[in-house]
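Now for the letters of each chain:
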Amino acid sequence: MSSATLPAPEQAATFRRLRTRLVRNGLRVALEHSRTRVVTMLGTSAFVFGFTFAVGLYLFNQLGKANIPFKGAIVEGLFDLMFFTLGTMLVFSTGLILYASLFTSPEARFLLCSPARADRIFATKFQAAVAFSSWGFVVLGIPVFLAYGYVTSVPWFFYALLPPYLLGYVLLPGSLSAVLCLLLVRYMPRNRRQFFAVLAVVAVAVAGVWLYKVGVGLKRSAATGGRELDDLIGQFDLFRSGLAPSHWMTRGVMAAARNDPAGALVPLAQVWSNGLLLYVVAAWTAKRVYRTAYDRTAGGGRGKKVYGTSWLDRAMGGLVFYLSPQTRTLVVKDFRTFRRDPTQWAVLIIFGVLMMIGATNMRQSFTAGLATMDRYAVSLMNLSGTAVLLCAGLSRFVFPLISLEGRKFWILGLTPVSRDQLLWGKFVFAATGALVVGEGLILASDAVIGLPWEGVALHAAVMAVVAVGLSGLNVGLGAYLPNFRETDPSKIVVGFGGTVNMVAGLGFLVLVIGAMAVPLHTAQLARAAAGGERAIGPWVYAGVPVGLLAGALAVILPLRAGARALRAMEF
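Just so it is clear, the structure is predicted and the values come from calculations on it, not from any experiment.

**A word on the overall build of the chain**
Here comes step 1: If you tally the helices and strands in the chain, you get 23 helices and zero strands.
Here comes step 2: The buried share of the chain, reckoned over its 571 residues, is 46%.
Here comes step 3: Partitioning the contacts of the chain with sequence separation of at least 6, the portion at a separation of at least 24 is 84%.

**Re the packing of helix α15 (residues 375–397) against helix α18 (residues 419–449)**
Each pair of packed helices can be summarised by the angle the axes make with each other and by the distance between the axes.
Here comes step 1: Two numbers describe how α15 lies on α18: the axes approach to 10 Å, and their chain directions differ by 160 degrees. By the angle between their directions, the pair α15 and α18 is classed as roughly antiparallel. In this structure, α15 crosses over α18, and the sense of that crossing is right-handed. On α18, the residues touching Arg375, Val378, Ser379, Asn382, Leu383, Thr386, Leu389, Leu390 and Leu394 of α15 are Ala430, Ala434, Gly438, Leu441, Ile442, Ser445, Asp446 and Ile449.
Here comes step 2: Broken down by class, the residue content of the contact of α15 with α18 amounts to 10 nonpolar, five polar and two charged.

**Things to note about the pattern of salt bridges**
Here comes step 1: Following the criterion strictly, the structure yields three salt bridges and no others.
Here comes step 2: Where Asp119 meets Arg117, a salt bridge forms, and the shortest distance between an N and an O atom there is 2.6 Å.

**Here we look at the nonpolar core**
Here comes step 1: Within the largest apolar cluster, 61 residues are counted, with the highest numbers of intra-cluster contacts made by Phe83, Phe103, Phe122, Tyr148, Phe158 and Tyr290.
Here comes step 2: Counting residues per element, the ones that place at least two in this core are α2 (35–65), α3 (73–104), α4 (106–112), α5 (118–152), α6 (156–169), α7 (171–187), α10 (245–257) and α11 (261–299).
Here comes step 3: A total of 11 residues in this core trace back to one element, the largest contributor, which is α5.
Here comes step 4: Residues contacting Phe122, with those up to four places away along its chain left out, are Leu98, Leu102, Ala178, Leu182, Tyr279, Ala282, Ala283 and Ala286.
Here comes step 5: In this structure, Cys391, Ile402, Leu423 and Ala431 belong to the second largest nonpolar core, which totals 58 residues.

**Observations regarding α10**
Here comes step 1: Between the first and last C-alpha of α10 there are 19 Å, a value that for 13 residues agrees with the 18 Å anticipated at 1.5 Å per step.
Here comes step 2: A large share of α10 lies buried, amounting to 11 of its 13 residues.
Here comes step 3: Along α10, the residues that are buried comprise Ser246, His247, Trp248, Met249, Thr250, Gly252, Val253, Met254, Ala255, Ala256 and Ala257.
Here comes step 4: In the segment just after α10, Asn259 is the residue with positive phi, at about 65 degrees.

The rules behind the values
Residues numbered from 1 in each chain as written. Predicted model: local features only at pLDDT ≥ 70, side-chain atom pairs only at ≥ 80, totals over all residues. Heavy atoms only, no water. Helix = DSSP H or I, 4+ residues; strand = E, 2+ residues; numbered from the N terminus. Buried < 20%, exposed > 50% of the residue type's maximum accessible area, 1.4 Å probe, protein only. Contact = heavy atoms within 4.5 Å. Axes fitted to C-alpha atoms, helices over the stretch in contact; angles between N-to-C directions. Parallel < 35°, antiparallel > 145°, perpendicular 65-115°, else oblique. Left-handed = near helix turned anticlockwise from the far one by under 90°. Nonpolar A, V, L, I, M, F, W, Y, C, P; charged D, E, K, R; others polar. Salt bridge = Lys/Arg side-chain N within 4 Å of Asp/Glu carboxyl O. Core = buried A, V, L, I, M, F, W, Y, C linked by side-chain atoms within 4.5 Å. Expected span 1.5 Å × (residues − 1).

Next up, the structure:
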């Protein structure tokens, strides 16, 4: 029977066999030719898993020392916030990955030219997108609940129900993002400038409401009416609604912790039934609008492309005013490529908003008198999270820059710019963007938390070293270990050079944060445990020169090696 006459069930079986064969072949090739990458990925995941478990164990132990009930309203509110935050991140990350898979990949174009049904193509891409975007959710979620179960002595079926709950929950935000992605691409107005202007107005309004709530919270923190704890719990009213999937998760997990099997199974059935129903809705939507949406995207461009500068380009040029005009032009070119790709800057915006929301709720925790929610511990987590964000972002967007220039390097060879200037321009572009993003996020979160000035100054110095050092590592190793055979930056990142770069970046973060920031935070935590009687000596700043030296070496050595390799290449 030819593929043109395959009925729907046989098409589904064909795609299942295709996915199984691709996974099997990919694992075999990885184990035969890329064992270093596999071991590195497993080791990195194990490190993140262990670190998250240790942080969760510390925080739950602090709650126990403060005699806060582990199965009460405060812990439920924290779980509601965690599930809501992770679900929101899954909505955006799955949507971005799904858009790239359905509308920009050559494979999608090939499949749409075949007799395959649109919903079958969608199902294949959807499963890959959800699996790719949710692995971080599993790696971050499971250790938190393992730490909670270890501290609170939960029954055995609590651990058995964790995988079904987490796997079922990823269907809800994944399916929702799929529906939104398809409908937006199909029905987005032709005048995209007006559409994004409306979105900007909505975003400004939401930010205004959020800032108003922050101001009201700060004003209330100055009063001593005794209602701060109620205000803290009230921050989670939106997430505690019976219609919120995040609350279904919390209700089921807490029921399992309270040794109530029936109360734990009902929310589990709620999560899976609604997730599968939403997936059916997404597949039905794809069956009706996917091909039309793809045709609209492929043929909806303007006949004449209008090129011009933006005020953002001029602002970027002003930030690097000290460079030569030729190098400054290259920096603005890289920045323009970055800002025109929403899949790149959208992730940074999402992370920043979520971190600000978390910092705001931590501020409410302090005003409620929860001394265990130590601001130094929370600020250290924010610092580490921002540093990891920069490491992942620079690895994804800066490391492939030289590799992507390879096939059109002859064009750059016609310009009056040397290869050393090209490398220097990419380093300045990466360092400038990393400094703006990293310093903005960490200073804003520290201000919301209310960290003392010495902690804020130290965090600013650590973030400067991290931003500049990671930029040097990514640009230098990107030139030293390029991959000119690939045109997809995601494949360049997961190659041998990208893996080496990621491992080097994570090691650099551990060294710099451990040497510069951890001693002060450890001393402050020990001082708080001693009732504030222990003095803090100048030894806590002894690691600052070590971090500065590591940052300088991370810039000089990779850039020097990359420049030598780039000068020796022939194009």
